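# Notes for the structure review
What follows is each chain in one-letter form.
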Amino acid sequence: MLTQKYRPKTFSEVIGQDHIVKNLQESILKDSVHSCYMFSGPQGTGKTTVARIFSKAINCLSKVKPCNDCDGCKRAEIIEINASSERGIDMARKLGEIVMYSTKSKYRCVILDESHALTKEAAQSLLKTIEEPPSKTVFILCSTQPTKIIQTIQSRAKRYTFKRVFGKSLLNYLHRICISEKISIDDGTLWDVCSKSKGILRDALTYLEMVRDSDSDTTILQSLGTIAYSEIKQLFEVLLVGSTNGALHFIEQIHNLQPDYNELYISLMQAIYSTVLSKSGVENENQYGFKELENLSLPTLFDILALLRDEHRQNMYEGALSEINFNLTMLKLKNMISVKKVNRI
């Protein structure tokens, strides 16, 4: 699996978390290791992976840390617990007993994944251990819902927030993997994979693997409920310059692809939003945004964005009427563009 093969093993392989990597590396160089860390952020952004890398790095004997080859790396005592399955008081008490024993590692590292899932009793037991941390023991709490972790634990942890990876950073990363794996894929489909993943690296690799194993890019995009970047571009073209009949005919072709309409609305809004950023002079890595849209004024783009947002909210639960509602939304959008053009004349 690509997710396993390309899981980072060193800091240099971590993508999109430069602010965290730099800070952790500096703390290692200064030998300023905290007794408790909290890594928070969306799932699939590398929290547990970086926790493993950091655990080896603070035990590494080489100049470039971690090297993954020295005795320090190989013999590092790393305890991993998934609190979503081991969340009770018995686990917390047992952990408290384990960390009291001496370790041959420079640091014993305890990685507690999904730490927000601990029961109240387990969290209180863990707090007692963290309040008086055993010598040479480092706790790393990973969580997608950090606000659920009791405040007294949060206040004792050095916190890092992991972010999603978007735009060219994600595209370039996937492109390198495609070259390495000899995956034949066009840039448009690669952007579609980036968009579908919503900045989650793990999901992006999973979708890329599905594309690799599929007979055609179109087939896999359909199975994901995703409309191709090229289809979104063409839809805007027919709305901007085509006839109403032509627009409805193309929209019918989109219906035939059986898209996820929630995803479709989001893709359209992303295109408008990216164009707004571009016209406002804001640096934007996302490829969504088309030259045709840049001919529209900012007030018009804001009106279109508001229309799509409101229609998305109203129609996201209208499963049986999704096609009709989408048709009506596109007709409203086309009429809005036509009226704005007339008013400009």
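Everything in this summary refers to the structure shown in the same document. (Residues numbered from 1 in each chain as written. Predicted model: local features only at pLDDT ≥ 70, side-chain atom pairs only at ≥ 80, totals over all residues. Heavy atoms only, no water.)

## Regarding the nonpolar core
Core analysis: the biggest nonpolar cluster contains 32 residues, and L235, L308, F326 and M330 have the highest contact counts within it. Within the residue set of this core, elements represented by two or more residues are α12 (229-241), α13 (244-256), α14 (261-279), α16 (298-315) and α17 (322-344). It is α14 that provides the largest number of residues to this core, a total of eight residues. Leave out the neighbours within four places in its chain, and L308 touches Y265, L268, M269, I272, T329, M330 and L333. Grouped together as the second largest cluster of nonpolar side chains are 23 residues, V99, I130, F139 and I153 included. (Core = buried A, V, L, I, M, F, W, Y, C linked by side-chain atoms within 4.5 Å. Buried < 20%, exposed > 50% of the residue type's maximum accessible area, 1.4 Å probe, protein only. Helix = DSSP H or I, 4+ residues; strand = E, 2+ residues; numbered from the N terminus. Contact = heavy atoms within 4.5 Å.)

## Some remarks on the pattern of salt bridges
Scanning the model with the defined rule gives 12 salt bridges in all. Between E77 and R108 there is a salt bridge, and its shortest N-O distance comes to 2.9 Å. With E77 in the loop between α4 (71-74) and β2 (78-82) and R108 in strand β3 (residues 108-113), this residue pair connects regions lying 31 residues apart in the sequence. Across the salt bridge formed by E311 and K332, the nearest N and O atoms sit 2.8 Å from each other. (Salt bridge = Lys/Arg side-chain N within 4 Å of Asp/Glu carboxyl O.)

## Some remarks on the environment of A157
Structurally, A157 can be placed in the loop between α7 (151-154) and β5 (158-161). A residue is classified by how much of its surface remains accessible, and A157, at 14% relative accessible area, is buried. Distance from A157 to N59, taken between C-alpha atoms, is 20 Å for residues 98 residues apart in sequence. The contact partners of A157, leaving out residues within four places of it in the chain, are C36, Y37 and M38.

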